[in-house]
Amino acid sequence: MTTHVETEIADQPACWRRAADLASAPLPGLPDHGERVAVVGCGTSFFIAQAYASLRESAGLGETDAFAASEMPAGRRYDRVLALTRSGTTTEVLDLLDHVRGTVATTAITADHATPIMTAADQVVVLDFADERSVVQTRFATTALTLFRAHLGEDLTRAIADAERAVSEPLPEGVVDRTQFTFLGAGWTVGLAAEAALKMREASLSWTESYPAKEYRHGPIAITDERSAVWMFGPAPEGLAGQVADTGGLWVEQGLDPLASLIAAQRLALALATTRGLNPDSPRHLTRSVILRPATV
């Protein structure tokens, strides 16, 4: 039986094309050049916020910070708060938007137009074509980041082609036989590494960690051995692949667009879940949205 998450992983190239097309027209609410922006979310959305914040600031388009929605500093001044929430019902996001209402422009990116987020933010972009039935979030997150990348002016032709490869080509040889997984990134891909580790924990209950690539040698490499896989998003620091090989760990560096490589990591999580008899659509202790109390907005 095909799971929802399997279908949603495979559908990502099509969703990315739609997001890139959407971004080709003006999208009210997405940050303007020069705005000082805070990007917030919870769980997966927080890691996507981190990736976007790094991309936007490195492109010279304005200071951009990313926060877990519950941890945005009080009193820090921004021109816009950009909130990511697939469900549109996450308590921490709604609380934050209510707290800053009337003091700063707010925009939400969501997948469901029939939720409280529609009135909680000043402007809303709805990616309903990327909504999901699975608890484990895959295509909404990557589609939102694709929208952001396109809005920043990136040509995503190669990324989408790489996504097609990522959904169809075999997983890196030997990776499904490992039992410990470390994901590494640099710059915007640090957020992708954190998201890959989260997917592995959610779907397959795997022992996973994530780090900025150059931090990995400052302690975390100690746990790497012949049971480990170390997966790099984007170009690796010089000499790191060889150091991992010396530990007995399996080095994974695909040469794909980093966001497409995240699709492969999602497929790994699904493969391990299947092998272990787990249901990736309904992970242990998790729900589609964290709602701490009935919404008041």
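Read on for a plain summary of the structure. (Residues numbered from 1 in each chain as written. Predicted model: local features only at pLDDT ≥ 70, side-chain atom pairs only at ≥ 80, totals over all residues. Heavy atoms only, no water.)

**As for the pairing of strand 3 (residues 80–85)**
To keep things clear, this is the line we draw: Relative accessibility decides the category of a residue: with a 1.4 Å probe and only protein chains considered, values under 20% of the type maximum give buried, values over 50% give exposed, and everything between is partly exposed. Runs of E in the DSSP output that reach at least two residues are strands. Runs of H or I that reach at least four are helices, and both are numbered from the N terminus. For two strands to be treated as a pair, DSSP must find no fewer than two bridges joining them.
Counted residue by residue, strand 3 has 6 buried out of 6 residues, so it is predominantly covered. Neither face of strand 3 is open: one carries R80, L82 and L84, the other V81, A83 and T85, and all of them are buried. Where strand 1 (residues 37–41) meets strand 3, 4 bridges bridge the pair, whose relative direction is parallel. Paired with A38 across the two strands is V81, which belongs to strand 3. Bridge analysis of strand 3 against strand 4 (residues 105–110) gives 6 bridges, and the strand direction is parallel.

**Concerning the packing of helix 2 (residues 12–23) against helix 6 (residues 139–151)**
Our working rule: Fitted lines through C-alpha atoms give the axes, limited to the stretch in contact for helices. The angle between two N-to-C directions lies from 0 to 180 degrees. Each crossing gets its hand from how the near helix is turned against the far one by less than a right angle, where anticlockwise is left-handed and clockwise is right-handed. Any two residues whose heavy atoms approach within 4.5 Å at even a single point are treated as in contact. Residues are grouped as follows: nonpolar covers Ala, Val, Leu, Ile, Met, Phe, Trp, Tyr, Cys and Pro; charged covers Asp, Glu, Lys and Arg; every other residue, Gly included, is treated as polar.
For the pair helix 2 and helix 6, interaxial distance at closest approach is 8 Å and the crossing angle is 35 degrees. Considering how the two elements wind past one another, helix 2 and helix 6 form a crossing that is right-handed. Contacts from Q12, C15, W16, A19, A20, L22 and A23 in helix 2 reach R139, T142, T143, T146, L147, A150 and H151 in helix 6. Partitioned by chemical class, the residues of the contact of helix 2 with helix 6 number 8 nonpolar, 5 polar and 1 charged.

**Examining the sheet that holds strand 4**
The sheet built from 5 strands is open, its strands ordered 2-1-3-4-5 with parallel pairing. One side of each edge strand has no neighbouring strand; the edge strands of this open sheet are strand 2 (64–68) and strand 5 (123–126). If you compare each strand with its neighbour and ignore which way they point, the axes differ by 20 degrees on average. Where strand 4 meets strand 5, 4 bridges bridge the pair, whose relative direction is parallel. In the strand pairing of strand 5, T110 is matched with V126. Sitting on the sheet, helix 3 (residues 44–58) touches strand 1, strand 2 and strand 3, and the angle it makes with strand 2 is about 170 degrees.

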